[in-house]
Amino acid sequence: MKEFCRKGWIAVGIAGILVFGISPVHADEKKQKAKSEEELGIRKETLYDESKVVPHHGEYGREKPGESKRIERAFENSPPLIPHDLTGMLPIAETNNSCLNCHMPEHAKSLGATALPKSHFVDMDTGHDLKGKLDGKRYNCMQCHVPQVNIPEPIKNTFKAEYRTKKSKTSSDLLDSLNEGVTAE
Ligand code: HEC
Ligand code: HEC
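Residues numbered from 1 in each chain as written. Chains lettered and ligands numbered in written order. Predicted model: local features only at pLDDT ≥ 70, side-chain atom pairs only at ≥ 80, totals over all residues. Heavy atoms only, no water.

Trainee: Is there a simple way to think about the coordination of the iron atom of ligand 1 in this case?
Mentor: Reference values for coordination geometry: four tetrahedral donors around a metal ideally subtend 109.5 degrees, six octahedral donors ideally subtend 90 or 180 degrees. At 2.0 to 2.1 Å from the iron atom of ligand 1 lie its protein donor atoms, namely His84 (NE2) and His103 (NE2). What makes His84 buried here is its relative accessible area of 15%. (Donors = N, O, S within 2.8 Å, 3.2 Å for Na, K, Ca; no water. Buried < 20%, exposed > 50% of the residue type's maximum accessible area, 1.4 Å probe, protein only.)

Trainee: Before we go on, may I ask you to explain the site of ligand 2 in this structure?
Mentor: The environment of ligand 2 is made up of 24 residues, and the closest members are Ser119, His120, Cys141, Cys144 and His145. In the environment of ligand 2, an oxygen atom lies 3.1 Å from a nitrogen or oxygen atom belonging to the side chain of Arg73. For ligand 2, a nitrogen atom lies 2.8 Å from a polar atom in the side chain of His145. In this structure, ligand 2 is accommodated by the largest pocket. Of the residues forming the shell around ligand 2, the biggest block, three residues, is contributed by helix 3 (residues 98-103). (Near = heavy atom within 4 Å. Polar contact = N/O pair within 3.5 Å; in protein donor to acceptor, adjacent residues only side chain to side chain. 1 Å grid on protein atoms, 1.4 Å probe; cavity = no way out; pocket = protein on both sides within 12 Å on 5 of 7 lines; lining within 4 Å. Sits in = over half its atoms within 2 Å of the grid points. Helix = DSSP H or I, 4+ residues; strand = E, 2+ residues; numbered from the N terminus.)

Trainee: Explain the site of ligand 1 to me, please; I cannot follow it from the model alone.
Mentor: Around ligand 1, the surrounding shell holds 25 residues, and the nearest of these are Ser68, His84, Cys99, Cys102 and His103. Here an oxygen atom of ligand 1 sits 2.8 Å away from a polar atom, N or O, in the main chain of Gly66. Within the side chain of Thr114, a nitrogen or oxygen atom sits 2.8 Å from an oxygen atom of ligand 1. Comparing atom positions with the cavity grids shows ligand 1 to sit within the largest pocket. Tallying contributions element by element places helix 3 first for the shell around ligand 1, with four residues.

Trainee: Got a minute to help me understand the coordination of the iron atom of ligand 2 in this structure?
Mentor: Listed as protein donors to the iron atom of ligand 2 are His120 (NE2) and His145 (NE2); their distances from the metal cover 2.0 to 2.1 Å. Its six donor atoms give the iron atom of ligand 2 angles of 86 to 178 degrees at the centre, a pattern that matches the octahedral case. With His120 in the loop between helix 4 (105-111) and strand 1 (122-123) and His145 in the loop between strand 2 (128-129) and helix 5 (174-177), this pair connects stretches of sequence that are 25 residues apart. This pair shows no difference in class: His120 is buried, exactly as His145 is. (Tetrahedral: all angles 85-135°; square planar, octahedral: opposite > 155°, others 65-115°.)

Trainee: It is not clear to me how the nonpolar core should be interpreted in this structure. Could you clarify?
Mentor: For soluble globular proteins, nonpolar side chains are generally found buried alongside one another. Counting residues in hydrophobic clusters, the biggest one holds five residues: Leu100, Met104, Leu116, Phe121 and Leu134. Those residues in contact with Leu100 that lie beyond four places of it in its chain are His107, Leu116, Leu134 and Tyr139. (Core = buried A, V, L, I, M, F, W, Y, C linked by side-chain atoms within 4.5 Å. Contact = heavy atoms within 4.5 Å.)

Trainee: What's the story with unusual backbone geometry in this structure? I'm lost.
Mentor: The general pattern is negative phi for most residues beyond glycine and trans for most peptide bonds. Geometrically, the link from Leu90 to Pro91 is a cis peptide bond, its omega value of 0 degrees lying close to zero. By secondary structure assignment, the location of Pro91 is in the loop between helix 2 (37-40) and helix 3. A positive phi angle, near 60 degrees, is found at Asn77, a position not held by glycine. Secondary-structure assignment places Asn77 in the loop between helix 2 and helix 3. The phi angle at Lys131 is positive, at roughly 50 degrees, despite the residue not being glycine. As for its position among the elements, Lys131 is in the loop between strand 2 and helix 5.

Written out as structure tokens, the structure reads:
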């Protein structure tokens, strides 16, 4: 009789685990309904019909150089974003690069523009100082510097930059800090 009782309780216990322990997991799985194709991407419209889809482009800032507000650097020594209007400045052509008219160190100060940093006058592949001549690899400014549109991000960017100095939030010092901690043998 005693033996039967023990076995009986074990059976009840197993049944309990099955009912209360395992079945809630099944219930959870059921709750997570499969996502439809429209729910999968950032875009919420159907992928099979383009006729009503209007892309959200946003608007570029219209403030002229000298009137725009510099944008805080995305992270230390990141290429600064272009805060001003670019009407009439593009494309950058082999014989005409209007960015240089204002950003070459000899013009920048009097115009209130940020001067090209030292790193743009050094061949970063060889470390060779180009003695005031712009490195050809830096000629196409828009390859690294871009303007911004005023449009809410579809996904919030939670990246938080850490700056070692207050100054590095608004200006760069790449050439001076690049070899920090590196000891030549
Ligand atoms: C007419 C002069 C002028 C021209 C041309 C010009 N800029 Fe500027 N730029 C400025 C000024 C002035 C500022 C500082 C912000 C302000 O006062 O509007 C600035 C700011 C910037 C900044 C931000 C610098 C920082 O410290 O955050 C970048 C990047 C930049 N310009 C890139 C360019 C590029 C690339 C071009 C060419 C497509 C260009 N600029 C053409 C005058 C000019
Ligand atoms: C290959 C990428 C690249 C190209 C091309 C490039 N830059 Fe930069 N630029 C950077 C980076 C990265 C920084 C920040 C680190 C540094 O100073 O080198 C920077 C920094 C700057 C700064 C900030 C200087 C300071 O003291 O804070 C200005 C202004 C600038 N660039 C203007 C230009 C202009 C104008 C051109 C075109 C003639 C240009 N850059 C081409 C990558 C680039």
